[in-house]
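Residues per chain, in single letters:
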Amino acid sequence: MVIKMSNTNTDVSTQKHMNFKEIAAYSLGLFGFQAIVGLLNSYQAEFDASVLGADIAVVGVLILIAKIVSAVFDPVVGRMIDRSNSKNGKFKSMILYSIIPLLVMTAVIFVNVPFGGNRVLLYIWIFVTYLIWSLAMTLGDVPSQGIASVLTPNPTERTNVVSISNTFKQVGFSACVVIVPIVCLIVPGGSQVFGFEGETDTPMVASEYFWTAVLTAVLGCALFALIPLLNKERVPYVSGEKTTTKDMIRALKDNKPLMLVIISYFLGFGRQMAMGIQVQAANVLLGSQNLVAVLGIVTAIGSMISMAVCPLLIKKLGEKKVYLIMSFYGFGASVLSFIVGYLWFRNPENTVLMILFYLFLFLIGLQFGAVTLMPMIMTADCVDYYEYETGKRMEGAAYSVLTLTIKVCLALGTALGLVFVQFSGYTETVSQITSGAATAFDVKTKDIIFFAYTVMPGILALLSTIPMFKYDIVGEKKAKIASELAARRESK
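Cut-off values and rules
- Per chain, residue numbering runs from 1 following the sequence as it is written.
- In view of the model being predicted, local features appear only for residues whose pLDDT reaches at least 70, and side-chain atom pairs are presented and counted only at 80 or more, with totals across whole chains, interfaces and linings using the full set of residues.
- To obtain the side-chain values, all non-hydrogen atoms of the structure were used and water was disregarded.
- Put simply, DSSP H or I for four residues or longer makes a helix, DSSP E for two residues or longer makes a strand, and each gets a number counted from the N terminus.
- Only protein chains enter the accessibility calculation, which uses a 1.4 Å probe; a residue is then buried when its area is under 20% of its type maximum, exposed when over 50%, and partly exposed in between.
- Contacts between residues were defined by any pair of non-hydrogen atoms, one from each residue, lying within 4.5 Å.
- Per-residue accessibility takes into account occlusion by the displayed protein chains alone, with areas from the Shrake-Rupley method and a 1.4 Å probe.
- Just to be clear on terms, a salt bridge is a Lys or Arg side-chain nitrogen sitting within 4 Å of an Asp or Glu carboxyl oxygen.
- Counted as a polar contact is a pair of N or O atoms within 3.5 Å, where, for protein atoms, one must be capable of donating a hydrogen and the other of accepting one, and residues adjacent in sequence contribute only when both atoms are in side chains.
- Ring pairs are drawn from Phe, Tyr and Trp, using the six-membered ring of Trp, whenever the two centres fall within 6.5 Å, and their geometry is named by plane angle: stacked under 30 degrees, edge-to-face over 60, tilted for the rest.
- Only when the NZ atom of a Lys or the CZ atom of an Arg is both within 6 Å of the ring centre and within 35 degrees of the ring normal do we say a charge sits over the ring.
- By this rule, a helix spans an expected 1.5 Å times one less than how many residues it contains.
- Here, the arc refers to the directions that run from the helix axis to the C-beta atoms.
- As a per-residue quantity, pLDDT reports the predictor's confidence and falls between 0 and 100.
- Angles shown run from 0 to 180 degrees and are taken between the N-to-C directions of axes, each axis being a line fitted to C-alpha atoms and, for helices, limited to the stretch in contact.
- When describing relative orientation, an angle under 35 degrees is termed roughly parallel and one over 145 degrees roughly antiparallel, while 65 to 115 degrees is termed roughly perpendicular and anything else oblique.
- Rotating anticlockwise by less than a right angle from the far helix to the near helix defines a left-handed crossing, while the corresponding clockwise rotation defines a right-handed one.

**Student:** I'm lost on the overall build of the protein chain in this one. Help?
**Tutor:** Helix and strand counts for the protein chain stand at 24 helices and zero strands. Taking all 492 residues of the protein chain together, 59% fall into the buried category. Within the protein chain, residue pairs in contact and separated by at least 24 positions form 86% of the contacts whose partners lie at least 6 positions apart. Of the accessible surface of the protein chain, which amounts to about 19,400 Å², a share of 69% is contributed by carbon and sulfur atoms.

Structure (structure tokens):
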């Protein structure tokens, strides 16, 4: 079955197609989905270590292995999308299938299951539950990202929609830093919400983690369901077309611009590793893990501004130049932020250094549009490029590879960050503080964790620019592709 667009004399590559309700539904849907992803990314390792008694570095490795194992499911979902003949749309139907398993597994991961000190059973439980959650997450992640390429045939409108929705996505990823303190206030006997330098707050208890997960899962899935309920798939494609694994590999091999995007993302795998150790960083740098909201909000504000400005910069400079500029800027801001933090840790009473510390965290956030927004826009452009060259659209294949890359890189970044946390002596110091043998983290621990929080992402941001120098789906070439595709679709 071929989905066709209505005949019109209007140039579909320039007119607007989406109304406010659809844009809001897509944006809130991504917000809800990322709220769930952000919760696990920020709090799962801390829960496994503090409640279940696992080694935090081992948890990081288990998460990484589970992500790699589940990665084989991404192209499977991509093939399912490309082969779909659902009357509801090939992306929307897949999103609906993911909601129930995602909701259930998000809560299961934060269940306090006693293992009686049996570490083998503990680590098997952590690995298996996270693997199942990863499969459920993939079932929703691939189509929710891929649907951006078919919401509108207008590349400028698509850029704006992706920018708006990814701003919501970024905020959603950090939503847990607000939800957790709220739950801590509601649950009887909840932990202290705010702590101060030298005073570690009461550690979160198992019930607080669980009810945070339930609240996040219910709200997140309800918002996620708005995407298939209110959005339309407008770009024509052949549904029910059989796509073999060989076809997918060939399509990716022949799509050189997409390969450059993927390689760039892998080289910059740790650009968001700070998110994976944000809870530990807040505990070490600010004196309370619940002050993670401070770190998250300061950086998120910069990130939101970045993504709001990106469409204007893209319109003036193009995706390639904006990506390169933001990446070089990110490296510089990260290094300077570490220097300021290094000085402040040794002079904690210096108000000027404290203000500069938070200012540079905000400045670091300004670069995140490059890693959260640009790959989405570029992948959609690469799908158009492949259709222009071959006459076939393979959104499922392209976005399954992108989401696979994002998940593996996020897991790699989290694992690397947790290795730094373990090396810093964080776990030992937490135990000493809990027993009363220590009152605060030493400067060495702060330096190591803040290095992982700032400098490492900056270095990897710099490495990610190397493939981008050859990316060329910009300017007149991009406009020509959009115009030619619009003409072909109208002729049919």
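Now that the structure has been shown, we can carry on.
**Student:** What am I meant to see in the pattern of salt bridges here?
**Tutor:** Opposite charge on two side chains permits pairing when their charged atoms draw close. Across all of its chains, the model carries eight salt bridges by this definition. In this structure, Lys 478 and Glu 319 form a salt bridge, with 2.4 Å as the shortest nitrogen-oxygen distance. Here Lys 478, found in helix α24 (residues 475-491), pairs with Glu 319, found in helix α15 (residues 319-346); they are 159 residues apart in sequence, far enough to count as distant. Pair check on accessibility: Lys 478 and Glu 319 agree, each one buried. The salt bridge involving Glu 484 is made with Arg 488; its shortest N-O contact spans 3.2 Å. One end of the pair is Glu 484 and the other is Arg 488, both in helix α24 and four residues apart, which spans about a single turn. Look at the salt bridges and you will find they share partners, linking Arg 158, Glu 319, Asp 381, Asp 384 and Lys 478 into a network.

**Student:** Explanation requested: the side chain of Thr 414 in the structure shown.
**Tutor:** Tracing the chain through its elements places Thr 414 in helix α19 (residues 395-423). Polar side-chain contacts of Thr 414 include one of 3.2 Å to the side chain of Asn 41.

**Student:** Is there a simple way to explain the packing of aromatic side chains in this structure?
**Tutor:** Aromatic rings in a pair are described by how distant their centres are and how their planes are angled relative to each other. What the rule picks out here adds up to 20 aromatic pairs. A ring pair is formed by Phe 210 and Trp 211, whose centres lie 5.2 Å apart and whose planes are at 70°; its orientation type is edge-to-face. With a relative accessible area of 47%, Trp 211 lands in the partly exposed category. Members of the aromatic cluster, joined through ring pairs, are Phe 338, Tyr 342, Trp 344, Phe 345, Phe 357, Tyr 358, Phe 420, Phe 450, Phe 451 and Tyr 453. The side chain of Arg 346 reaches across the aromatic face of Tyr 342, ending 3.6 Å from its centre.

**Student:** Help me understand the environment of Thr 465 in this model?
**Tutor:** Positionally, Thr 465 belongs in helix α23 (residues 465-468). The class of Thr 465 is buried, set by a relative accessible area of 3%. Considering only alpha carbons, one finds Thr 465 and Tyr 323, 142 residues apart in sequence, at a separation of 7.8 Å. Apart from residues lying up to four places away in sequence, Thr 465 is in contact with Tyr 323, Leu 324, Ser 327 and Phe 328. Within the structure, Thr 465 has its side chain in polar contact with the backbone oxygen of Leu 462 (distance 2.7 Å).

**Student:** What should I look at first to understand helix α8 (residues 206-224) in this one?
**Tutor:** Three or four residues apart is the spacing at which side chains of an α-helix point the same way, because the helix has 3.6 residues per turn. Here α8 is 19 residues long and its end C-alpha atoms lie 26 Å apart, about the 27 Å a rise of 1.5 Å per residue gives. Every buried residue of α8 is listed here: Glu 208, Tyr 209, Thr 212, Ala 213, Thr 216, Ala 217, Gly 220, Cys 221 and Phe 224. For α8, the angular spread of buried residues about the axis comes to 165°, placing them on one side. Those residues of α8 that are buried are in contact with α1 (20-50), α4 (90-108), α5 (119-146), α7 (176-186) and α9 (226-230).

**Student:** So what exactly am I meant to see when it comes to the confidence of the model for the protein chain here?
**Tutor:** Close reading of the predicted structure is inappropriate where its pLDDT is low. Scored by pLDDT, the protein chain has a mean of 82; 89% of the residues are at 70 or more. Segment residues 1-10: pLDDT under 50, and 17 contacts once partners within four positions in sequence are set aside and those in other chains are kept. Within the model, pLDDT remains below 50 along residues 192-201, and this stretch shows 28 contacts once partners closer than five positions in the same chain are excluded.

**Student:** Would you take a moment to explain the side chain of Ser 42 for this structure?
**Tutor:** Its place among the elements puts Ser 42 in helix α1. A relative accessible area of 2% means that Ser 42 is categorised as buried. Beyond its immediate sequence surroundings of up to four residues, Ser 42 is in contact with Cys 176, Met 275 and Val 279.

**Student:** What is the right way to look at the packing of helix α3 (residues 73-83) against α19 in this model?
**Tutor:** For any two helices packed against each other, the geometry is given by the interaxial angle and the distance between the axes. Contact geometry for α3 and α19: axes closest at 8 Å, N-to-C directions at 155°. Considering the angle they form, α3 stands roughly antiparallel to α19. Along this stretch, α3 crosses α19, giving a crossing that reads as right-handed. Contacts between α3 and α19 involve Asp 74, Pro 75, Gly 78, Ile 81 and Asp 82 from the first element and Glu 395, Gly 396, Ala 397, Ser 400, Thr 403, Leu 404 and Lys 407 from the second.

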